[in-house]
Amino acid sequence: MTVVDRFLQYVKFDTQSDELTNMTPSTPGQMIFARHLEEELKAMGLDNISLDENGYLMATLPANTDRKGIPTVGFIAHLDTSPDLSGRHVCPRIVENYNGGAITLNAEKNIVLSPEEFPELLHYVGQDLIVTDGNTLLGADDKAGIAEIITAIDFLKNHPEIKHGDIRIAFNPDEEIGKGAHKFDVERFGADWAYTMDGGEVGELEYENFNAAVAKVTFKGRNVHPGYAKHKMINSIRIANQFAIMLPRWETPEHTEGYEGFYHLISIEGTVEETTLTYIIRDHDRDRFERRKKEFEHLTRKINHEFPGVASLEIADQYYNMREKIEPVSHIIDIAVEAMKDAGVEPKVVPIRGGTDGAQLSFKGLPCPNIFAGGLNFHGRFEFVPVPSMEKATQVIVEIARLVANR
């Protein structure tokens, strides 16, 4: 089975995660998909296959050489898709030999994937692209990664002339809601280091990510009949709006790039009596990250000075920049770079403007940089993945296994 065959099969599973359920996995579809993959790994004849009650699936491709001292390397991808858009009834199709023009995803709804809006499409002229029908996301994040890992492992198993050490693979739930690594048993996984196959376009290699926190600011109001409200009503919605505009206008996702951090208002829930603003706070630099959190404390105090006792703040750190854990073992980056070059891919070492399970796993003792899976425009109806990018990612996994054994 090819990587494309697997991918087209996997996207049929509805595996959206849901941060509101407080369960692991957060949705039943993820466990259904994990059980399907478990049976596939058993049919391939892998060793040490385990699927726990939380939806963490692990397996081993045993070493095929007697050489001693070969490190155990791991490859990881996540089962879930983003809750930002439906992943139910995904209907992918292949656009063969893309000609550089606009792609009509859904004629009835006039949904068009155009290079005018998504110029990165033009990087893939002449290639086969897998796209959606415009009604759902595609699920390349991260079912492309799963397909690539399993296809690479299958290839290695059927080509014993390529020598490798023990290779561990794992598929985990709930990455999209920031909980993918929470119950990941690093000790049971047993790898010396690993790579998440969860990056974007071909060639991306990432070992720097945002430091991340979530902030909730709650404003308590007082409702009074509006005809008799003078000097009595406290409108929490208006006070929340006042807080929101106190943050720097240009330090938001739509105005930042590269290493620039931001404040991102992701939800507003409110009435006159009570309003809650939920933000995510992001910055690659740890000191600036801490200052951003302090700014929330400062603005909350400022609001409470004007409206005593109205505002309360909760901040929780989510993950940290893995760079500090990767740099001491930089040879794992060197191996990935060499593997990409051997596979005919030009490495693009870039910072992640987000996070991966690898960031949290790195702080749990498993150094885990991120490698491209090939998809673009994640989390939306305009998501697509070039077929050659998935094939290259599969080759990179094979090359890493070979290089680790030969070193």
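Residues numbered from 1 in each chain as written. Predicted model: local features only at pLDDT ≥ 70, side-chain atom pairs only at ≥ 80, totals over all residues. Heavy atoms only, no water.

Draft legend 1. Looking closely at the overall build of the chain. In terms of regular secondary structure, the chain is built from ten helices and 17 strands. Scaling as 2.2 N^0.38, a compact globule of 407 residues should have a C-alpha radius of gyration of about 22 Å, and the chain matches this with 23 Å. Judged by the C-alpha coordinates and their principal axes, the chain covers about 85 × 50 × 35 Å. Residues classed as buried in the chain amount to 54% of the 407 residues present. Considering only intrachain contacts with a sequence separation of at least 6, the fraction spanning at least 24 residues in the chain is 79%. Surface exposure of the chain reaches about 18200 Å², of which carbon and sulfur atoms provide 49%. (Helix = DSSP H or I, 4+ residues; strand = E, 2+ residues; numbered from the N terminus. Rg over C-alpha atoms; globule rule 2.2 N^0.38 Å. Buried < 20%, exposed > 50% of the residue type's maximum accessible area, 1.4 Å probe, protein only. Contact = heavy atoms within 4.5 Å. Areas by Shrake-Rupley, 256 points an atom, 1.4 Å probe, with all protein chains shown as cover.)

Draft legend 2. Quick look at the pairing of strand β5 (residues 103-106). Bridge count between β5 and strand β6 (residues 111-113): three bridges; the pairing is antiparallel. Opposite N106, over in β6, you have I111 as the bridge partner. Here β5 folds back onto β6 in antiparallel fashion, the turn holding four residues, of which N110 has a positive phi close to 55°. (Pairing = 2+ DSSP bridges.)

Draft legend 3. Looking closely at the sheet that holds strand β16 (residues 370-372). Taken together, the eight strands give an open sheet; going across it, the order is β1-β2-β8-β3-β9-β16-β10-β15, and neighbouring strands pair in mixed fashion. At either margin of the open sheet sits one strand with a lone partner, and together these are β1 (47-51) and β15 (348-349). Note that strand β3 (residues 73-78) and strand β9 (residues 193-199) share four bridges and pair parallel. From the neighbouring strand, F75 faces β9, where its bridge partner is Y195.

Draft legend 4. Here's a closer look at the nonpolar core. By size, the foremost hydrophobic cluster in this structure holds 69 residues, and its most contacted members are F7, F171, Y195, I371 and I400. Broken down by element, the residue count for this core peaks at eleven residues, all from helix α10 (residues 387-406). Counting 18 residues, the second largest nonpolar core, distinct from the first, contains L277, F289, L299 and A311. (Core = buried A, V, L, I, M, F, W, Y, C linked by side-chain atoms within 4.5 Å.)

Draft legend 5. Representation of unusual backbone geometry in the model. Backbone torsion omega between T24 and P25 reads -5°, so that peptide bond is classified as cis. Of note, the bond from D141 into D142 is cis; its omega dihedral lies within 30 degrees of zero at 15°. Along the polypeptide, D142 turns up in helix α3 (residues 140-157). Backbone geometry at N48 places phi at a positive 50°, although glycine is not the residue there. By the element assignment, N48 lies in strand β1.

Draft legend 6. Structural context of the packing of aromatic side chains. Taken as a whole and judged by the stated rule, the model has 14 aromatic pairs. Between the aromatic rings of Y279 and F296, the centroid separation amounts to 5.1 Å while the plane-to-plane angle is 80°, which identifies the pairing as edge-to-face. Residue Y279 is located in strand β13 (residues 274-283), and its partner F296 is located in helix α6 (residues 286-306); the two are separated by 17 residues in the primary sequence. You'll find Y279 and F296 in the same group, each marked buried. Here the aromatic cluster, defined as three or more aromatic residues joined through ring pairs, consists of F219, F243, Y263, Y279 and F296. Over the ring of F33 we find K143; its NZ or CZ atom is 5.4 Å from the centre of that ring. (Phe/Tyr/Trp six-rings, centres within 6.5 Å; stacked < 30°, edge-to-face > 60°. Lys NZ or Arg CZ within 6 Å of the ring centre and 35° of its normal.)

Draft legend 7. Just the packing of helix α1 (residues 3-10) against α3, in detail. Here α1 crosses α3 at 140°, and the two axes come no closer than 9 Å. Judged by the inter-axis angle, α1 sits oblique to α3. Note on packing geometry: the crossing formed by α1 with α3 is right-handed. Within the contact between the two elements, α1 uses V3, R6, F7 and Y10 and α3 uses A140, K143, A144, I146, A147, E148, I150, T151 and D154. Residue composition of the contact of α1 with α3, grouped by class: eight nonpolar, one polar and four charged. (Axes fitted to C-alpha atoms, helices over the stretch in contact; angles between N-to-C directions. Parallel < 35°, antiparallel > 145°, perpendicular 65-115°, else oblique. Left-handed = near helix turned anticlockwise from the far one by under 90°. Nonpolar A, V, L, I, M, F, W, Y, C, P; charged D, E, K, R; others polar.)

Draft legend 8. Region of the structure containing the side chain of E175. Tracing the backbone shows E175 in the loop between β8 (167-172) and α4 (186-189). For the buried E175, no salt bridge is present, and the opposite-charge side chain at shortest range is R282, 9.9 Å distant. Residues within four places of E175 in sequence aside, it is in contact with H78, D80, G180, D198, G355, T356 and D357. (Lys, Arg positive; Asp, Glu negative; His and termini not counted. Salt bridge = Lys/Arg side-chain N within 4 Å of Asp/Glu carboxyl O.)

Draft legend 9. How the structure looks around the pattern of salt bridges. Summed over the entire model, instances satisfying the criterion amount to 20 salt bridges. Between R6 and D154 there is a salt bridge, and its shortest N-O distance comes to 3.5 Å. Here R6 is found in helix α1, whereas its partner D154 is found in helix α3, with 148 residues between them in sequence. By relative accessible area, R6 is classed as buried at 4%.

Draft legend 10. Layout of the layout of surface pockets. There is about 180 Å³ of room inside the second largest pocket. Surrounding the second largest pocket, 13 residues form its lining, R249, T252, E254, Y263 and L265 being those nearest its centre. Take the lining of the second largest pocket: its biggest share by element is three residues, from strand β12 (residues 262-270). Its residues assigned to classes, the lining of the second largest pocket shows seven nonpolar, three polar and three charged. (1 Å grid on protein atoms, 1.4 Å probe; cavity = no way out; pocket = protein on both sides within 12 Å on 5 of 7 lines; lining within 4 Å. Points joined across faces, edges and corners; volume = space filled by probe spheres on them.)

Draft legend 11. Focus on empty space enclosed by the protein. For the structure shown, the criterion picks out one cavity of 30 Å³ or more. A volume near 30 Å³ is recorded for the largest cavity. Every residue along the wall of the largest cavity is listed here: I76, A77, H78, D142, N172, E175, T196, D198, T356 and D357. Contributing elements (two or more residues each) for the lining of the largest cavity: β3 and β9. Here the lining of the largest cavity takes three residues from β3, the largest share from any one element. Grouping the constituent residues of the lining of the largest cavity by class yields two nonpolar, four polar and four charged.

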